[in-house]
Structures are given as structure tokens and as C-alpha cells.
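Chain by chain, the residues run as shown.
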Amino acid sequence: MAQAAQTPIVDVRDLKVEFRRREQSVAAVNGVTFSLMPGEVLTILGESGSGKSVTLKALMGLVPDYAHVSGTALVAGKDVVGMSKDELRKIRGPVVSMIFQEPMTALDPVFTIGDQIAEIIRTHEGLSHRAAMKRALELLEMVSIPSAARRLKNYPHEMSGGMRQRAMIAMALACRPSVLLADEPTTALDVTVQIQILLLLRQIQKEMGMAVVFVTHDVGVAAEISDQVAVMYAGRLVETGTVYEVLSERSHPYTEGLLSSTVHGGMKGQPLDMIRGQPPNLAALPPGCSFAPRCNQAAESCHRVDAPSVTLGPGRLVRCIRAQPLLAAE
Amino acid sequence: MSTPAPYKVYMPPVPEEIRGGKAQPLLIVDKLRKYFPVRGGVLNRVTAMVKAVDDVTFEVQKGEVLGIVGESGCGKSTTARLVMQLIKPDAGTLVYDGDPVGAFRGISVSALRRKVQMVFQESFASLNPRLSISDSISYAPKMHGTPRAEADERTERLLRDVGLNPAQFARRYPHELSGGQRQRVNIARALALEPKLLILDESVSALDKSVEAQVLNLLVELKQKRDLTYMFISHDLNVVEFISDRVLVMYLGKVVETGPVDEIYRNPRHPYTKALLRSKPSFDPAHRTTEMPLTGDPPSPLNPPSGCRFRTRCAFAESVCAAKVPELAATPDSPPQHEVSCHMFVAGSGHSRAISGGLS
Ligand SMILES: Nc1ncnc2c1ncn2[C@@H]1O[C@H](COP(=O)(O)OP(=O)(O)OP(=O)(O)O)[C@@H](O)[C@H]1O
Ligand SMILES: Nc1ncnc2c1ncn2[C@@H]1O[C@H](COP(=O)(O)OP(=O)(O)O)[C@@H](O)[C@H]1O
Ligand code: SF4
Ligand SMILES: [Mg+2]
Ligand SMILES: [Mg+2]
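Note that the structure is predicted; figures quoted are calculated from it, not measured.

(A) Representation of the overall build of chain A. Helix and strand content of chain A: 13 helices and twelve strands. Computed over C-alpha atoms, the radius of gyration of chain A comes to 21 Å, within 12% of the 20 Å expected from 2.2 N^0.38 for 330 residues, which places it in the range of a compact globule. Referenced to the eigenvectors of the C-alpha coordinate spread, the extents of chain A come out at roughly 70 × 50 × 50 Å. Residues counted as buried form 52% of the 330 residues belonging to chain A. On chain A, roughly 14,500 Å² of surface is accessible, and the fraction owed to carbon and sulfur atoms is 53%. Charge separation in chain A, taken as the distance between the mean sites of 33 positive and 33 negative side-chain charges, equals 3 Å.

Now the structure itself:
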């Protein structure tokens, strides 16, 4: 047991996902490295198109056939990169499961919520329909769905957004996964419902000792849920560390730009800091550091050579030439 | 079903010397109402009403930013579409700069639509994919008879004003722009008829944070430069706090609280406003939210609760809350512009915490 606590439950090294098409290829994930201990919550924070969802899908083996995946992604000790479809099906559910960004596309409109959850339990644990339904009921109760017994018989479209998202969480937890991947599970929800879901996820995660990779573009949400934070830009993690380190030290210029351009209380009456320009086109990444064209601290060499990955401590990485002590001192 | 009051209530125009003056609100919205019928059953009869906007009253002063917040479905967009006259109200009056809208000797709907413009959330859907950026922007002025050369010159200036280099962008098409750039084009297009009032409905909500900051800065700058007035609709409480002078909080088709932005954010009185503000994620991992400010989802606006619409989620609800609709009114212990609609702030309402006790 003590041994297990030392081994990461997720260990990703130099993960790359490239969507190759005849006309062009899109480098969606561009060498991502991180690891996660059991029972910890890591948040991938980044803007639209930075590669967050593709990273999670790669961890589930859910990328399309024309995607070219390389690197390693150990989940509970097994590499999902290059894993056969059969093996993948076996680990999805009991080892790793996912809450999707668009709950409507993940839920089947023609089956009731109860049937969908029971089906997953039956496939993986070979329970009877009756026993599986009983578990489904417990799961709906666990995610605080009121009158759960009645809700089991609902179709997805008969539920509100918040209820649907709770049902999705129940479904993802059905086989007690060691790793939960949560792709913006609260983005489509009202703030009053969002905070309920975040508190619920935090509580269940603690109780089950589950590791969570949580994806969001919202700094506030990251501050509420994470132990570790990884900031993603143009398919790369540009800064990683504990939530305290990343949000307070902001060692990468992009992290600094993102956090100070995010509006929150007490910014009234002054112009907002902003990052100029827009995120790069992943089909035509600039040479050197991908952030260089927008960076207000870029050195001449940033436009030519890749930024080095600078280790500031265990799990604390910054991919920027300015993070090198020698250069920072000049 | 009761017949709704006729919309075109006659209101005499304001005397010439007051109309257009500084003190005259740019917009007065009085008891605006829109119920959408819901049909069902084999006979496709009206089975229920969605009370999307129900007796909503507010004013927009010249040069201010009025923020409107509330959960999805509370009636923010319907209010905006009613003000623009894109849909017909069931009841209520609208007075634009002293002129009753659509009334005898008032301002016509088409004249209003020139003075009030709207920018939507979906930057793609609102641009014609077959028109170049400059044609999109100059379309309305040309339709309204602005000479070609003048319209083109104005378009160039507008592009520059919204931070897009005309040489680079004028001939492009919508699909060749990023979301932030498209939203700049939408703003330029809304400004092309030189309106006085801009209604921004979730206009920055779909943008990335780094781009959202650019567009917010642009809106602040344009407002000063062009003497504009904004109605700024958003579900993002932080953005509304940043940009607004006054705030309107809506819940299920009703205004529950309104006042100066600092009052609303520092001293919220209505239990819903309090819960809404406490639901904002904290930006400090050392001070995380530990209690749920509210439970459950907002109820459906189909046949909403009687009395106070918030009572089904309110921790202070008592029998009077189910029996009587609370009026939106000033409270004795806040500035007069701060109005709340809750029985706890009405002396003698029959609520056990009425006024003297209050909250917290
Ligand atoms: N199946 C696919 N084929 C080709 N390109 C794809 C595919 N899926 C994603 N992409 C591209 O990969 C990049 C990263 O996409 P991803 O969905 O991971 O973004 P994201 O960070 O999750 O953004 P958002 O916050 O908008 O959800 C984008 O440029 C996207 O267009
Ligand atoms: N054309 C319509 N027909 C029927 N119901 C509508 C229509 N437009 C809006 N509604 C309903 O009115 C309510 C208020 O909607 P809306 O004003 O769009 O809310 P918000 O902008 O605050 O999210 C919602 O319940 C919505 O479903
Ligand atoms: S009127 Fe009653 S139910 Fe409504 S907010 Fe006040 S106390 Fe709560
Ligand atoms: Mg995504
Ligand atoms: Mg809306």
C-alpha cells in the first residue's frame, strides 16, 4: 500500500497527437509530460483549441484512426498508447472513465438513465439487471439527484442541464475508476449549479480516493478544485506545479498573461491587462516558442529555438527561456 | 386565461425642452411582459405559459452601463429582444429618450431600431458568410441611403476603431477570422448606424479570456469615444461587475434586485443575489467555497411558483412568500437607488424577519 502511494497512477511522457489529413496536419498535442499520484486532482488549464480535450481523449484511447499518437501514457501501469481496442474496452470504466464536455453527445437519447448506467455495470461486473439497477439507484443518490428512483426512468432530454451532468458523473463512477477524466464538466452550467457540482466532485473524489484529471478554461474553477495545475498552450504544458505555486508564482509569461487578463473582483475602473493577438494556428505553428509572437518578454532567440523545459522543483516545470536562472539574472 | 393589457398604452410625449436632455433617461421600460404559449396534446392547444418576462420595470440613464445578470432562462435575452422590438410585448411601455415607442406622436419602431443596436453571443451566426467584412459593415448604412463613398469611409474608420486594420481585414470573409475578430466586426457593424444605445447580449461569453479582455477594453474605450450607453447582459458576474455602473438581477422573469454596482456586489440584500454572488468560484485556493449557496436547479419558468418566485430555493421562505408577490422597492436602510423585491424588506409584510431583523 505504501508502495502504491509512491507510484503515479497516471504517467504521461512526451505524448503527441497529430491529426494527419491529406491537405494539412494539425499538431493538437505536442509533447505533453505529467504525472499524477493516486487521490490527487490535476487541472489542465488552457484556452479553446489548446489541446485539452484531445489530451484526455488520448488517455482513454478515444482518438480517431487518422490521428497519429506517440509517446507513452501509463494509466494504472499500462500504456494506453498503442493498446488494442479490446484492452481499451476493458480498462474503460473500472480503471479510467471520462465525463465529457457535451453531456448530450455522451448520453444515449433512446435509453433511460437507469438503463445506461446499469448496462455499464453489467458489462464490466456481470451483475444481473436487477442488481445493476440497484447500484444505479445508489449512484444517482450519491450524486444528489432528488427522487432518484423516479429519475432512473428518465430519458436524458427529460432532465435539466445540471441533472444531466450529475447523471453523467454517476455513469462515469459506475465501475469505481481509479482515474476520472473530467472535461469541462461545469462549463455549460449556471454558476449556482456549477459550484454544487464542484463540491460534489471534490467530496466523491476524497471518499473514493480517486485521481482526477480535470480540464477547464476557468481560473476560478481551477482554484476551487485542483491540487496540481498544468497550464496548456498550443498543445504543450507551459507551466506545472501545485495550485498555489502556479496561481501565485505565474512563472511562465502566458500564465501571467492569462491570470491577469481574467476579470475578477476589484479590477474596476482600470484597463484590463491583455495578451495581444490570438492563439496560434496548430496547423502552422510558429518556429521556436509557440507563445513568442504574443509574449511581451520574448528574447530574439525565442522566435528561433524551442523553449527549454526548466525544472524548478519536483513536479514544477516551466517551459520558458526566462525561467533559466542564468538568463533571468541578466 | 386573462387577456393581456393592450401594449400601446397612450403616453403623451415629454415636452420638447426636457426630451433629449441629460436628466431624461435614455430608456424607460415599464411593466414589460412576454408570455410564450406552450402547445401540447392532440389538439395542439395552449397548455401552459412560459412567463419569460413578467412586469419588468427599469430605466437606463444616458451614458451608463446597465448590467443584467441571472441564470440561463431568467429572461435576459427576451428583455433585450423586447427592447429592440424584435418580438412584440404582451404588455408594458417603452419610452426612448422621452418618446413613447410605437405610439401616436412618439418614436416609430424603425426609428428606434436605428438608435438601439444589438450584439449577440454567436459571432458566426450573426454575420452573413457571403458578405465580405466591409460589405457586412456598410450594408445597413447603404440601405438607409448613406452615399456609397461616405459609407465606405465610415466602414474604414469603424474597422480601425475596433482594432482591425482595414487593409488586412476589409476584404476578408467571416470564416477567415478568429472568434475575437468576428466579435469586433459585429461591434463595428452595430455601430455603423451611429446608435445611442448598444445592447450587448452575452457578447464576450464565447471568447477566450485573453481575447475577452481585449474586447472589454475596446467596449470601454468606444463608449467614451462615442458617448454610448450600454445594456450589458451576461451570466458572468465578474465581467458584469467590471463593466457596469448599475446592475439588474433577474430570476425567473422578474427583477429581484437592482442598484449601483458596488451596492449590489458589496451589500446584496435579496437572498437570491447573495447566493448568486457566493456561487462565484473563489480565485484563492486557500479560501475555497465549502458550502453550497443554493441547492437544485432553477425551477422551470413554465408555471413558476406563486408569490415570490425564489421561494422554492429560499432558506427564509415563509407562508407570506407563497401568498403574495413581493414588490420591487427601496429598502429603508440602503441608498434609494437600491431596490429589492423580498418580503423581508417590507415593514409589516407578515414575514417574521420583516425589515427590523432583515438578514444576517
Ligand atoms: N478529430 C479531429 N480532427 C482534426 N483536428 C482535431 C480533431 N479534434 C480536435 N482537433 C483539433 O485539435 C486542436 C485541440 O482541440 P481540443 O478539442 O483538444 O481543444 P480544447 O483545448 O479542448 O478546446 P476547448 O476549450 O474549445 O474545448 C484544435 O485545433 C482542434 O480543432
Ligand atoms: N420564442 C420562444 N418561445 C418559447 N419560449 C421562449 C422563447 N424565447 C424564450 N423562451 C423561454 O423564455 C425564457 C427566458 O428566455 P431567455 O430570455 O432567452 O433567457 P436568458 O437570456 O436569461 O437565458 C426561457 O424559459 C426560454 O426557454
Ligand atoms: S420574499 Fe420570501 S421567499 Fe422570496 S426571497 Fe424574500 S424571504 Fe425568500
Ligand atoms: Mg475541449
Ligand atoms: Mg440569453
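Moving on, there is more to tell.
(B) Structural detail: the nonpolar core. In this structure, B:I187, B:L216 and B:F232 are the most contacted members of the largest nonpolar core, which totals 60 residues. Broken down by element, the residue count for this core peaks at seven residues, all from helix 7 (residues 209-226) of chain B. When residues of this core are sorted by domain, at least three fall in each of domain 1 (16-267) and domain 2 (277-360) of chain B. Excluding residues within four positions of it along the chain, B:I187 makes contact with B:V119, B:V162, B:V215, B:L218, B:L219 and B:L222. Counting 39 residues, the second-largest nonpolar core is a separate cluster that includes A:A132, A:A136, A:M168 and A:M171.

(C) Representation of the pairing of strand 2 (residues 25-36) of chain A within the structure. Residues and elements named next belong to chain A. With nine bridges joining them, strand 1 (residues 10-20) and strand 2 adopt antiparallel strand pairing. Bridge pairing links V12 to F34 in strand 2. Linking strand 1 back to strand 2 in an antiparallel pair, the connection comprises four residues.

(D) Fine view of the UniProt feature "domain: ABC transporter" (unreviewed entry) in chain A. Taking the UniProt record as the reference, the feature "domain: ABC transporter" (unreviewed entry) is found at residues 12-259 of chain A. In residues 12-259 of chain A, the share of helix is 41% and the share of strand is 27%. The end C-alpha atoms are 26 Å apart.

(E) Main features of the site of ligand 3. Taken together, 13 residues surround ligand 3, and among them B:C308, B:C314, B:C321, B:C342 and B:H343 come closest. For the shell around ligand 3, a count of residues per class yields nine nonpolar, three polar and one charged.

(F) Quick look at the site of ligand 1. Residue and element names in this part refer to chain A. Taken together, 15 residues lie near ligand 1, and S48, G49, K52, S53 and V54 sit nearest. Contact distances for ligand 1 include 2.6 Å between an oxygen atom and a side-chain N or O atom of S48. Within the side chain of E184, a nitrogen or oxygen atom sits 3.3 Å from an oxygen atom of ligand 1. The biggest single contributor to the shell around ligand 1 is helix 2 (residues 52-59), with three residues. Here the shell around ligand 1 is composed, by residue class, of six nonpolar, six polar and three charged.

(G) Main features of the sheet that holds strand 9 (residues 228-233) of chain A. Residue and element names in this part refer to chain A. Strand order across the open sheet formed by eight strands is 6-7-8-3-9-10-12-11, with mixed pairing between neighbours. Only two strands of the sheet have a single neighbouring strand rather than two, namely strand 6 (96-99) and strand 11 (309-313). Strand after strand, the sheet turns through a mean of 20 degrees between neighbouring axes, direction not considered. Sheet topology note: the strand 11/strand 12 (residues 316-319) ladder contains four bridges and is antiparallel. For G313, the partnering residue across the bridge sits in strand 12 and is R316. Contacts from helix 2 reach strand 3 (41-46), strand 6, strand 7 (179-183), strand 8 (211-216) and strand 9, with the element oriented near 150 degrees to strand 7. Running over the sheet, helix 9 (residues 191-208) touches strand 3, strand 6, strand 7 and strand 8 and is turned about 160 degrees from strand 8.

Parameters and conventions
- Residues numbered from 1 in each chain as written.
- Chains lettered and ligands numbered in written order.
- Predicted model: local features only at pLDDT ≥ 70, side-chain atom pairs only at ≥ 80, totals over all residues.
- Heavy atoms only, no water.
- Helix = DSSP H or I, 4+ residues; strand = E, 2+ residues; numbered from the N terminus.
- Rg over C-alpha atoms; globule rule 2.2 N^0.38 Å.
- Buried < 20%, exposed > 50% of the residue type's maximum accessible area, 1.4 Å probe, protein only.
- Areas by Shrake-Rupley, 256 points an atom, 1.4 Å probe, with all protein chains shown as cover.
- Lys, Arg positive; Asp, Glu negative; His and termini not counted.
- Charge placed at Lys NZ, Arg CZ, Asp CG, Glu CD.
- Core = buried A, V, L, I, M, F, W, Y, C linked by side-chain atoms within 4.5 Å.
- Domains from an automatic or database assignment.
- Contact = heavy atoms within 4.5 Å.
- Pairing = 2+ DSSP bridges.
- UniProt positions renumbered as here; feature names shortened; annotations may be inferred.
- Near = heavy atom within 4 Å.
- Nonpolar A, V, L, I, M, F, W, Y, C, P; charged D, E, K, R; others polar.
- Polar contact = N/O pair within 3.5 Å; in protein donor to acceptor, adjacent residues only side chain to side chain.
- Axes fitted to C-alpha atoms, helices over the stretch in contact; angles between N-to-C directions.

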